[in-house]
Amino acid sequence: RGLGDVYKRQLGLFLWRGSISLTKGEAGESLKQLETSIRKATMLCYAAEGVYPPDLQYLKDHYGIQIDEDKYAVFYEVQGKNLMPSITVMESQLH
């Protein structure tokens, strides 16, 4: 077990605590929270592993990121090996 495992558990706890049901009036705040969670997980990955996640699926698989894809569209664009990816979260047009 390395330091990365500790960070992953802490992030999982953070995300679990934040996974409460939100009303429609809080939808904008929920969107902002999702984007913040993805950014934090991205930076945590960089701190623990020395590289940014290659894609959003990596964050889902290794850092517990959960996205309600019926509600949100997430755009995760890698800029370069050592550059913070561009992350944009929008309300999905499907719901």
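Just so it is clear, the structure is predicted and the values come from calculations on it, not from any experiment. (Residues numbered from 1 in each chain as written. Predicted model: local features only at pLDDT ≥ 70, side-chain atom pairs only at ≥ 80, totals over all residues. Heavy atoms only, no water.)

The next point concerns the overall build of the protein chain. The number of helices and strands found in the protein chain is three helices and two strands. Order of helices (α) and strands (β) in the protein chain, N terminus to C terminus: α-α-α-β-β. Classification of the 95 residues of the protein chain by burial places 27% in the buried group. Sequence-distant contacts, at least 24 apart, represent 46% of the contacts inside the protein chain between residues at least 6 apart. Split by element, the accessible area of the protein chain, about 6,500 Å² in all, is 52% carbon and sulfur. (Helix = DSSP H or I, 4+ residues; strand = E, 2+ residues; numbered from the N terminus. Buried < 20%, exposed > 50% of the residue type's maximum accessible area, 1.4 Å probe, protein only. Contact = heavy atoms within 4.5 Å. Areas by Shrake-Rupley, 256 points an atom, 1.4 Å probe, with all protein chains shown as cover.)

Core analysis: the largest hydrophobic core is formed by 16 residues, its most contacted members being Leu-34, Ile-38, Leu-56, Leu-59, Ile-67, Val-74 and Val-89. Secondary-structure elements contributing two or more residues to this core are helix 2 (27–49), helix 3 (56–63), strand 1 (72–77) and strand 2 (86–91). At six residues, helix 2 tops the list of elements feeding residues into this core. When residues no more than four places from it in sequence are discounted, the contact partners of Val-74 are Leu-34, Ile-38, Leu-56, Ile-67, Thr-88 and Val-89. (Core = buried A, V, L, I, M, F, W, Y, C linked by side-chain atoms within 4.5 Å.)

So, about helix 3. Residues separated by three or four positions in an α-helix point in the same direction, a consequence of the helix having 3.6 residues per turn. Of the positions making up helix 3, those classed as buried are Leu-56, Leu-59 and Tyr-63. All buried residues of helix 3 lie within an arc of 70° about the axis, which places them on one face of the element. The N-cap of helix 3, judged by a side-chain oxygen 3.3 Å from the amide nitrogen of Gln-57 a few residues on, is Asp-55. In the stretch just after helix 3, Gly-64 is the one whose phi turns positive, near 70°. (Arc of directions from axis to C-beta. Polar contact = N/O pair within 3.5 Å; in protein donor to acceptor, adjacent residues only side chain to side chain.)

What follows covers the side chain of Thr-42. For Thr-42, the position within the fold is in helix 2. Apart from the residues within four sequence positions on either side, Thr-42 is in contact with Tyr-52, Pro-53, Leu-59, Tyr-76, Met-84, Pro-85 and Ile-87.

Across all of its chains, the model carries two aromatic pairs by this definition. Aromatic side chains Tyr-46 and Tyr-52 sit 4.3 Å apart centroid to centroid with 20° between the ring planes, which places their arrangement in the stacked category. The class for Tyr-46 is partly exposed, based on a relative accessible area of 30%. Ring plane angle 40° and centroid distance 6.5 Å describe the contact between Tyr-58 and Tyr-63, whose orientation is recorded as tilted. Classification of Tyr-63 by relative accessible area gives buried; the value is 2%. (Phe/Tyr/Trp six-rings, centres within 6.5 Å; stacked < 30°, edge-to-face > 60°.)

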